[in-house]
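Topology and contacts: notes
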Amino acid sequence: MNRKVTLADQEILQMLKDKERDQAWKYIFDKWRGLWTSYIVQHGGNTDQADTALADVWYPFERKVLSQNFKLEYSLKAYLNTCVRRQWIRNMKKENMPAIEFKAEEHGLEAFADELLRDVLNEELKTVLDKLLLEVLGESCRKILTSFYSGYSMEEIAQEYELGNEDNAKNQKHRCSNKLRDHLKNNPQIYQILKRLYYD
Amino acid sequence: MTEQELHEKIIAYLEGRLSPEAADEFRLQIEADEALAGEVELHRLLQPVGQRLVALDMKAKFDSWQKEAEHPGFVRRNLFWLLAIGLLSAGLLGTWFWYSGQLSKARADNERLNTNLQDTRLKNQVFQSEVERLQKRIADSTWQGRLPVPVKPEKEQKETKISPAPVADITQPYKQLAQSELTPMITRTRSTVRGVKRSGSTAEGLLAKADTAIENRLYRRAEKLLLGIAVTDPQYPRALEMLAYTYMMQENYAAAVSTYQTYIPYKADSDETNWHLCLYYLADYPVFRSEFQQLLQTILADTEHFYHDRAKSLRKKLAETGVWPE
């Protein structure tokens, strides 16, 4: 972990780009988490709900800020804070629990946040996917696919899991993906559920 | 196209990574091929899998960080005790440094005192040896039936025509000069001892042993051996000659001079004995300076003297080294 007390937004973005995701998110978790957690607790929520909201938004948030057309008009901290708060409200609404509404003039970030939150997987889809992953993938396949979707190259994966070379890693990844594909192909029920959730 | 390549192309199409032309072409293929369309649909539905896998991974990390924050590590949990131990260690370390400083100071004091003690002992030894030397001188004079060579008082020395040189330090070169002149002499004497045909007498055996002792610089042993030769023995003069040298090497100059003076009547060559006596005087120049200077002047005055040239050379060396004149 970088021992520097505060990191500039550009430094955080650079860390995310340089595959120092864990360090960047550890910094965010340690330094910024208090901001939305205290807000959520003040408005009737708890720290678990705050962390769930963060876990929901972090992936789309990262994808968004690393996309080529992203412009840093607001601070990353304010942007993420708004996203997490709004995701918490969405989660509360789904569970029919009362949650306060944001004031319209709060940051002017709501539109950006809502655009991002469209990419957040809904709870039902997450449940179906979790079941599918648990049933189909073994530990090694899970690790290889996680590394692949985390942005690691085939060469790095081959090194990490001692697969010999890049081609072996590519073949292994293909076999793991095919397991999911075959399972879905052979289970029309799951296929239909996923199709419904995907196109809803 | 292999199955793997096809799947990679489908994923690239779904993620928008194909060029517009390639994407349009692929779309047409999908529309025309039902099996391909089904394959594409399967991959489309599996697209959120990646996001979910990474999200689960990151969630696990969040949980771990959360746990870390709630349950701080060993250092944070035991900060108080660690600080206490650290302070205690620092205190102990400081005490140890202070103690070792005191210890080294005490050692330095002790060393200094020891040095002083050694100096004092050395001085005592010098005094002791001086006393012994004087005692020996008296004893030797008695043994030889001669009175000890008196050291002339300062006033008496001033009355002589030749003004004596001031007493030089014991490390002055006169001793070296005397030794360098006398050593070849004694070497010759010793070679005659070694070269003599043994008759088996006790004196010859003693002389041979004394010669070996001198060779090995065991002068005290040589002295004892030589003193064992009786006055009536034919080897007695040679023993006296060697004994004088032995005394000189022990820095017992008074005994050396006295012994050599005893030896002189046995030797017919007065030039040689004068010269050697002169050198024995020179060996203890501060004590025998008057005798030395008088004898050397005598040799220098006699141009026929066998050692006249060597005396001149010695006189020159003494002048060069500042022994005489100053």
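A brief structural summary. Every value quoted in this text rests on a predicted model; they were computed, and no experiment measured them.

Before going further, it helps to examine the overall build of chain B. Within chain B, the secondary structure is distributed over 14 helices and zero strands. Here chain B holds 326 residues, and 25% of them are scored as buried. When contacts within chain B are restricted to residue pairs at least 6 apart in sequence, long-range pairs at least 24 apart make up 54% of them.

Bringing the packing of helix α10 (residues 236-249) of chain B against helix α11 (residues 253-263) of chain B into the picture now. Residues and elements named next belong to chain B. One way to put it is that α10 packs onto α11 with a least axis distance of 7 Å and a crossing angle of 165°. Looking at the two axes, α10 sits roughly antiparallel to α11. Seen along the crossing, α10 lies across α11 with a hand that is left-handed. For the pair α10 and α11, the contacting residues are Pro237, Leu240, Glu241, Leu243, Ala244, Tyr247 and Met248 in the first and Tyr253, Ala255, Ala256, Thr259, Tyr260, Thr262 and Tyr263 in the second. In terms of residue class, the contact of α10 with α11 is built from eleven nonpolar, two polar and one charged.

Tracing the backbone shows Ser153(A) in the loop between α8 (139-149) and α9 (154-160). For the pair Ser153(A) and Ala169(A), spaced 16 residues apart in sequence, the C-alpha separation works out to 9.5 Å.

Right, let's get into helix α13 (residues 285-301) of chain B. Residues and elements named next belong to chain B. If you check α13, its first and last C-alpha atoms are just 20 Å apart, much less than what 17 residues at 1.5 Å a residue would give, namely 24 Å. In α13, a bend of some 40° at glutamate 291 exceeds every other bend along the element. All buried positions along α13 are accounted for by Tyr285, Phe288, Arg289, Phe292, Gln293, Leu295, Leu296 and Ile299.

Across the contact, 29 residues belong to chain A and 20 residues belong to chain B. When residues in the side of chain A that touches chain B are grouped by element, the largest group, six residues, is from helix α10 (residues 166-186) of chain A.

Tracing the sequence through the fold places Trp25(A) in helix α2 (residues 21-31). As a C-alpha pair, Trp25(A) and Glu62(A) span 37 residues in sequence and 9.8 Å in three-dimensional space.

Its identity as a non-glycine residue notwithstanding, Glu162(A) has a phi of 55°, on the positive side. A residue is classified by how many C-beta atoms lie within 10 Å of it, and Glu162(A), with 7 of them, is exposed. The residue Glu251(B) is not glycine, and still its phi comes out positive at about 65°. Take Glu251(B): it is sitting in the loop between α10 and α11.

Cut-off values and rules
Residue positions are counted from 1 within each chain, in the order its sequence is given. All chains are assigned letters beginning at A, and all ligands numbers beginning at 1, according to the order in which they are written. Local features in this predicted model are restricted to residues whose pLDDT is 70 or higher, and side-chain atom pairs enter the listing and the counts only when it is 80 or higher, whereas totals over whole chains, interfaces and linings include all residues. Put simply, DSSP marks the helices as runs of H or I at least four residues long and the strands as runs of E at least two long, and each gets a number from the N terminus on. Counting other C-beta atoms within 10 Å of its own, a residue is labelled buried from 20 upward, exposed at 12 or fewer, and partly exposed in the gap between, with every C-beta atom placed from the backbone. Note that contacts rest on C-beta atoms placed from the backbone: two residues are in contact if these are within 7 Å. Every axis corresponds to a line fitted to the C-alpha atoms, with the helix fit spanning only the stretch in contact, and the corresponding angles, defined between N-to-C directions, vary from 0 to 180 degrees. Geometric relationships in this document are graded by angle, where less than 35 degrees denotes roughly parallel, more than 145 denotes roughly antiparallel, 65 to 115 denotes roughly perpendicular, and other angles denote oblique. We call a crossing left-handed when the near helix sits turned anticlockwise from the far one by less than a right angle, and right-handed when that turn is clockwise. The classification used treats Ala, Val, Leu, Ile, Met, Phe, Trp, Tyr, Cys and Pro as nonpolar, Asp, Glu, Lys and Arg as charged, and all other residues, Gly among them, as polar. One fewer than the residue count of a helix, multiplied by 1.5 Å, yields its expected span. One axis is fitted to the seven residues ending at the residue and one to the seven starting there. The bend at that residue is the angle between these axes.

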